[in-house]
Amino acid sequence: MTTQPPYLAIAAEIRRRVHSGELAPGDRVPSTRAITREWGVAMATATKALGALRQEGLVRVEPGVGTVVVDRRQARQSTAPALTRSRIVRTALELADAEGLNALTMRRLATVLESSAMALYRHVPGKGELVRLMTDEACGEVPLGPVPARWRPGLEHAARWLREVYARHRWMAQAMASFTRPVASPNAMAYTEWVLAALRETPLTSSEKLHVHLTLFAFVQGLAMADDLEEQARLDTGLSDGEWMEQNEPRFDAMQSGGAYPLLDAVTHDGGFELTLGSLFEFGLRRTLDGVAAMIDETSG
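Residues numbered from 1 in each chain as written. Predicted model: local features only at pLDDT ≥ 70, side-chain atom pairs only at ≥ 80, totals over all residues. Heavy atoms only, no water.

Draft legend 1. The arrangement of the overall build of the protein chain in detail. Within the protein chain, the secondary structure is distributed over 15 helices and two strands. In the protein chain, buried positions account for 36% of the 301 residues. By element, 55% of the accessible surface of the protein chain is carried by carbon and sulfur atoms, the whole surface being about 17200 Å². (Helix = DSSP H or I, 4+ residues; strand = E, 2+ residues; numbered from the N terminus. Buried < 20%, exposed > 50% of the residue type's maximum accessible area, 1.4 Å probe, protein only. Areas by Shrake-Rupley, 256 points an atom, 1.4 Å probe, with all protein chains shown as cover.)

Pasting the structure below:
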């Protein structure tokens, strides 16, 4: 029997509460954070569940309130808010957060906005420009703050800030994948400027500073893309990481039982072994910054 993806199961339960009267028109439905606590799922799964309910027209976002149950009678009598570039970009951002960048099309976005695709094109020329505007919006949500006096705390802060941006918007790792064709986004360029300012007092050349920035950027982006792939795998299979490993553990044990991989076997059976994307981030960030420190020392000498 096919396991229902977690986000659909969550949406079904909230739908049941609405239809049973537990949640009346105008009532707030569980927020993404409440969903993560109640069902023990990732934030992206919670967002996708609410996105599915919004697509059905069962709930809507009420500014300053949250996601509330739609009064179907009033909804039929009311008109949709005015179509603006800002509203298009924000709605596209929410759709990509909930279902991924591949699910975002101008036709699908028009449906969510209760508009026509042609009407969208009067504000945004196409998906490419829309993604650029979405990226700029996402990068501008949380200020980076002042540049620290020392380069290492600055680069560490920049890396953690970028990782948080990708955690909120997993599709961005894919959208910003090209280094030779970067996204022309003012807020993304402001991030680059901030990182270069953090390196300003070092003896590195301008080219070296840019390479340090792009190396750190590529490291964070690579883990973010892995995050996105793993979240998609959880949604597709309906299995948590632990459940997947338990299901596949016999296969790994069978492969290693012949003694063909003694070094790998020693690592995986070490009691202190831990591997998560979080531990990889912390390890890789420290080692990357150590490498930059060594280069600065060599240049100073």
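Draft legend 2. A look at the pattern of salt bridges. Considering all chains together, one arrives at 15 salt bridges under this definition. Where Glu137 meets Arg90, a salt bridge forms, and the shortest distance between an N and an O atom there is 3.0 Å. Within this pair, whereas Glu137 is found in helix H8 (residues 127–139), its partner Arg90 is found in helix H5 (residues 85–99), the two being separated by 47 residues in sequence. Looking at Arg90, the relative accessible area reads 29%, which means it is partly exposed. A salt bridge links Arg152 to Asp290; the nearest nitrogen and oxygen atoms lie 2.9 Å apart. In this pair, Arg152 sits in helix H9 (residues 151–168) while Asp290 sits in helix H15 (residues 277–300), placing the two residues 138 residues apart along the sequence. On the basis of relative accessibility, which here comes to 28%, the residue Arg152 falls in the partly exposed class. (Salt bridge = Lys/Arg side-chain N within 4 Å of Asp/Glu carboxyl O.)

Draft legend 3. Here's a closer look at the packing of helix H3 (residues 43–56) against H5. Axis separation between H3 and H5 bottoms out at 7 Å; the angle between their running directions is 125°. One way to sum up the angle between H3 and H5 is to call them oblique. The element H3 and its partner H5 pack so that their crossing is left-handed. Seen from H3, the contacting residues are Thr47, Lys48, Gly51, Arg54 and Gln55; seen from H5, they are Glu94, Asp97, Ala98 and Glu99. Considering only residue class, the contact of H3 with H5 consists of one nonpolar, three polar and five charged. (Axes fitted to C-alpha atoms, helices over the stretch in contact; angles between N-to-C directions. Parallel < 35°, antiparallel > 145°, perpendicular 65-115°, else oblique. Left-handed = near helix turned anticlockwise from the far one by under 90°. Contact = heavy atoms within 4.5 Å. Nonpolar A, V, L, I, M, F, W, Y, C, P; charged D, E, K, R; others polar.)

Draft legend 4. Inspection of the nonpolar core at higher detail. With 56 residues, the main nonpolar core has Leu130, Met134, Leu155 and Tyr166 as its most contacted residues. Apart from the residues lying within four places of it in its own chain, the contact partners of Met134 are Val89, Ala92, Leu93, Ala96, Leu101, Leu104 and Trp171. (Core = buried A, V, L, I, M, F, W, Y, C linked by side-chain atoms within 4.5 Å.)

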